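# Secondary and tertiary structure notes
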Amino acid sequence: MHELSLVESIIESVEHDARSRGIKKITRLRVVAGELASVSHRALSFALENVVRGTFLEQANIELAVKEAWESCPVCQQKFKPEPPFYQCPECGKTVFPSSENRQVYIDFYEGE
Ligand SMILES: [Zn+2]
C-alpha cells in the first residue's frame, strides 16, 4: 500500500530529525495531506495509527489535516481549486498546475521532549 510506505518514510524522517536534536519522545505530530495528493486519507490515517506502534512516536498525539487545494490564477487573480485533468481557471481558462504542496503529504511540525 502506497500510504503505508509514505507514512513509514514520514516516521523515519521525524525520528531521524528528532534524534539529531536530542529529542527522546515525540509528543505531537501534524501531518498535512494536500487535497490533490494521490492518497486515500482514510488509509493514511490508518497507517499513521499503526506504523507508530513500537516507535518513539507511539505516545504522540497525531493529527492529520487536509489542505484544500486553492490556487490563485496568475493571469486574472481568480482564486479556485484546480481540477484534474485540465486545471483550468474558471474565469479565463488559463491552465494552473497545482503547487507541489497541494499534491504532497508532508510534515507540518512535530513537538517532542
Ligand atoms: Zn484566470
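Here goes a summary of the coordinates provided. Worth saying up front: this structure is predicted, and the values here are computed from it rather than measured.

## Section: the environment of glutamine 77
- Note that glutamine 77 resides in the loop between strand S3 (71-72) and strand S4 (79-80).
- We classify glutamine 77 as exposed; it has 10 C-beta atoms within 10 Å.

## Overview of the packing of helix H1 (residues 2-20) against helix H2 (residues 41-51)
- Where H1 meets H2, the closest approach of the two axes is 9 Å, and the angle between their N-to-C directions is 50 degrees. The orientation of H1 with respect to H2, classified from their angle, is oblique. Between H1 and H2 lies a crossing of right-handed hand. In contact with Glu3, Leu4, Val7, Glu8 and Ile11 of H1, H2 contributes Ala43, Leu44, Ala47, Leu48 and Val51.

## Concerning the nonpolar core
- If you look at the biggest cluster of nonpolar residues, it comprises 19 residues, and the most contacted ones within it are Val7, Val14, Leu29 and Leu57.
- Sorting elements by how many residues they give to this core places H1 first, with five residues.
- When near neighbours in sequence (up to four residues on either side) are disregarded, leucine 57 contacts Ile11, Val14, Ile26, Leu29 and Val52.

## Concerning the sheet that holds strand S1 (residues 26-34)
- Taken in spatial order, the three strands make up an open sheet running S2-S1-S5, and their pairing is mixed. The open sheet has two edge strands, strand S2 (61-67) and strand S5 (105-112), and neither has a second partner. Taking the axes of each pair of neighbouring strands and ignoring which way they run, one obtains an average angle of 15 degrees across the sheet.
- The sheet contact formed by S1 and S5 spans seven bridges and is antiparallel. Along S5, the bridge assignment pairs arginine 30 with phenylalanine 109.
- Lying on the sheet, H1 is in contact with S1 and S5; it crosses S5 at an angle near 40 degrees.

## Looking at the pairing of S1
- Two elements, S1 and S2, share seven bridges in a ladder whose sense is parallel. Following the sheet pairing, arginine 28 is matched in S2 by asparagine 61.
- Handedness of the crossover is the feature at issue here: the chain leaves S1, passes through H2, returns alongside S2, and the resulting connection is right-handed.

Procedures and definitions
- Residues numbered from 1 in each chain as written.
- Predicted model: local features only at pLDDT ≥ 70, side-chain atom pairs only at ≥ 80, totals over all residues.
- Helix = DSSP H or I, 4+ residues; strand = E, 2+ residues; numbered from the N terminus.
- Buried ≥ 20, exposed ≤ 12 C-beta atoms within 10 Å, placed from the backbone.
- Axes fitted to C-alpha atoms, helices over the stretch in contact; angles between N-to-C directions.
- Parallel < 35°, antiparallel > 145°, perpendicular 65-115°, else oblique.
- Left-handed = near helix turned anticlockwise from the far one by under 90°.
- Contact = placed C-beta atoms within 7 Å.
- Core = buried A, V, L, I, M, F, W, Y, C linked by C-beta atoms within 7 Å.
- Pairing = 2+ DSSP bridges.
- Right-handed = clockwise from strand over helix to strand, strands pointing away.

So far we have only geometry, and geometry alone does not tell us how the molecule works.
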